[in-house]
Amino acid sequence: MATTGTASTFRPSISASSRLTTHLRSPSSKVPNFTPPPLSRSRSFSVSCTIAKDPTFLMAEAEEKTKAAGSDPTLWKRPDSFGRFGKFGGKYVPETLMHALSELETAFYSLATDDEFQRELAGILKDYVGRESPLYFAERLTEHYRRENGQGPLIYLKREDLNHTGAHKINNAVAQALLAKRLGKKRIIAETGAGQHGVATATVCARFGLECIIYMGAQDMERQALNVFRMRLLGAEVRGVHSGTATLKDATSEAIRDWVTNVETTHYILGSVAGPHPYPMMVRDFHAVIGKETRRQAMEKWGGKPDVLVACVGGGSNAMGLFHEFVDDAEVRMIGVEAAGFGLDSGKHAATLTKGDVGVLHGAMSYLLQDDDGQIIEPHSISAGLDYPGVGPEHSFLKDMGRAEYYSVTDEEALEAFKRVSRLEGIIPALETSHALAHLEKLCPTLPDGARVVLNFSGRGDKDVQTAIKYLEV
């Protein structure tokens, strides 16, 4: 992905020339036999058809290409023309959605070179969202991790919590709302867990006069009541989902069911780098402004790149927004932090990359929390935004390639970080962000003196205060 243009400009990472879309049903599915109709002797005609390759073959082919690229990230396809990151990603969706996904991909590429769209997006991100967000030197947090000999890393916070609506989610919501307008779609649906993506979507729908329906798990509605009120105040209809564990997975499933039913009039603003292609690529590129700004700000502040990037990972949008700009810089460590819940051995966690296996969920192949029969194991996290049994396919790819590292943090550790950073820096973090902050306890003692750590401060903690009250004595 090129880094030219304004801070808000996105540039797709792969060529728009390939438009082959396939319906991948399962890794074990076979190509159906095709029997042509009998030819009439009275006239001649030609038949043009495209038969999708066996998904198993596609995955093997992808793995071979990835092996051929070796450890050089500049040679990796992220994604390739089939929407795959190595063997991960793809489109595992009903036929009714294939046209909408193809239309979306075509629109995405066309807008990449549309100067009018770029100017409008850049203007809204600057004047409405409040970009660029600061790269803040956390002086007291840095002092907290200084060792007895006076050495230690330097910690910087990329302040996405200062965006309008209080999180990184608004970057993607604004861009997708503009895209939906270009497609002529006036009805918007979205899923939300912690409520931040729901609030961001409701906000942009109010801004552009679009109908807005937000699907949210009933359990998440209870623990994120403030955000439910904000969405309704902004004019959105919030539909509670009571199936399953009534959390983010179930909200996403309901949003997809709605989209299948109303695909002609509706655009689905998916909130993370998950789902079928082109969503993982598109959401990443709309959030890539985070990493672009970080690179430029780092050059201004100390004349070099960060040594370590840290971000929490549920679906993984804030992490990919920071990581994407630096994937080709092999000397920059990238660390994602998942939710370990009650502990990795408790069975009550959301550490997909740490404990998951490869499978298909919500239209893409990635690591999942699943049992031996392929049934989803319900995740747990004190953080509603990390309470998801899957993860974006590009994170799965970066894990398997060894380019990014993934660790996990328990509820208890995240709550301690929530309190610690509030008192040391005067900034109340979201519980999602608190997971990344908690990992500094393990990371900082291992880093050399003067190493520069950039942590994506993905959201503010107003929404989580009622949850924290139940656990913390202050």
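Residues numbered from 1 in each chain as written. Predicted model: local features only at pLDDT ≥ 70, side-chain atom pairs only at ≥ 80, totals over all residues. Heavy atoms only, no water.

Re the overall build of the protein
Counting its secondary structure elements, the protein contains 17 helices and 14 strands. By residue count, 59% of the 474 residues in the protein fall in the buried class. Restricting the contact set of the protein to residue pairs at least 6 apart, pairs at least 24 apart contribute 76%. Accessible surface, the protein: about 19,200 Å² in total, of which carbon and sulfur atoms supply 51%. (Helix = DSSP H or I, 4+ residues; strand = E, 2+ residues; numbered from the N terminus. Buried < 20%, exposed > 50% of the residue type's maximum accessible area, 1.4 Å probe, protein only. Contact = heavy atoms within 4.5 Å. Areas by Shrake-Rupley, 256 points an atom, 1.4 Å probe, with all protein chains shown as cover.)

Considerations on the packing of aromatic side chains
Applying the stated criterion across every chain, the model contains 9 aromatic pairs. Where Trp259 meets Tyr268, the ring centres are 5.8 Å apart and the plane angle is 65°; that geometry is what we call edge-to-face. This pair shows no difference in class: Trp259 is buried, exactly as Tyr268 is. Linked through ring pairs, Phe108, Tyr109 and Phe286 together constitute an aromatic cluster. A cation over an aromatic ring shows up here: Lys399 above the ring of Tyr367, its NZ or CZ 4.3 Å from the ring centre. (Phe/Tyr/Trp six-rings, centres within 6.5 Å; stacked < 30°, edge-to-face > 60°. Lys NZ or Arg CZ within 6 Å of the ring centre and 35° of its normal.)

Let's talk about the pairing of strand E11 (residues 357–361)
Sheet topology note: the E11/strand E12 (residues 364–368) ladder contains 5 bridges and is antiparallel. Bridging across to E12, Val360 finds its partner in Met365. Counted between consecutive antiparallel strands, the loop separating E11 from E12 contains 2 residues, among which His362 sits at a positive phi close to 50°. (Pairing = 2+ DSSP bridges.)

With respect to the side chain of Arg187
Within the secondary structure, Arg187 sits in strand E5 (residues 187–192). Under the relative-accessibility criterion, Arg187 is labelled buried at 13%. Among the polar contacts listed, one links the side chain of Arg187 to the side chain of Thr266, at a separation of 2.8 Å. Filtering out sequence-adjacent residues up to four positions away, Arg187 remains in contact with Glu211, Ile213, Arg239, Asp258, Asn262, Thr265, Thr266 and His267. (Polar contact = N/O pair within 3.5 Å; in protein donor to acceptor, adjacent residues only side chain to side chain.)

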